[in-house]
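Examining the three-dimensional arrangement
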Amino acid sequence: PEPVAPVTAPTEPPPPTPAEVAGALERRATARVARGEVEAALADYDEALRVDPDHFEARANRGRTRARQGDLARAIEDFDAALLRRDDADLLIDRA
């Protein structure tokens, strides 16, 4: 008789990486900004950066949001930290 293949349990997908979690939070934050939910958006950006401190988009967009809220000192801190991770002409203009 033909050998029977062993039964294996279905494999679970791997857990998301910190960058994936931060990216999801950043996208939600950006949507919240568009709906005017600024405080919730800032909380999402904060959480994204807690999960992945090097997440460029979360850092840059938190800076942009802070700048629109008039929190220029903290916006510049975010812009500078983001620019240490990646050169970005648009972010340089926002920083100016």
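Here's a quick rundown of the structure. Bear in mind the structure is a predicted one, so any value in this text is a computation, not a measurement.

Cut-off values and rules
Residues numbered from 1 in each chain as written. Predicted model: local features only at pLDDT ≥ 70, side-chain atom pairs only at ≥ 80, totals over all residues. Heavy atoms only, no water. Phe/Tyr/Trp six-rings, centres within 6.5 Å; stacked < 30°, edge-to-face > 60°. Lys NZ or Arg CZ within 6 Å of the ring centre and 35° of its normal. Helix = DSSP H or I, 4+ residues; strand = E, 2+ residues; numbered from the N terminus. Buried < 20%, exposed > 50% of the residue type's maximum accessible area, 1.4 Å probe, protein only. Polar contact = N/O pair within 3.5 Å; in protein donor to acceptor, adjacent residues only side chain to side chain. Expected span 1.5 Å × (residues − 1). Arc of directions from axis to C-beta.

1. Quick word on the packing of aromatic side chains
- Evaluation of the coordinates by the stated rule reveals zero aromatic pairs.
- One Lys or Arg, R86, reaches over the ring of F56 and ends 4.0 Å from the middle of that ring.

2. Focus on the environment of R50
- Its place among the elements puts R50 in helix α2 (residues 38-51).
- By relative accessible area, R50 is classed as exposed at 58%.
- Through-space distance from the C-alpha of R50 to that of P18 is 9.5 Å; in sequence the pair is 32 residues apart.
- A distance of 2.7 Å separates a polar atom in the side chain of R50 from a polar atom in the side chain of E47.

3. Things to note about α2
- In this model α2 runs 20 Å from its N-terminal to its C-terminal C-alpha over 14 residues, within 8% of the 20 Å that 1.5 Å per residue would give.
- Here α2 has its buried residues at V38, A41, L42, D44, Y45, A48 and L49. Along the axis of α2, the buried positions cluster into a sector of 160°, meaning they face one direction only. Across from the buried face of α2, at angles greater than 90 degrees, the exposed residues are E39 and R50.

4. Points about the environment of D71
- With respect to the secondary-structure elements, D71 resides in the loop between α3 (56-68) and α4 (72-85).
- We classify D71 as partly exposed; its relative accessible area is 26%.
- Counting along the chain gives 18 residues from D71 to A89, while the straight-line C-alpha distance between them is 21 Å.

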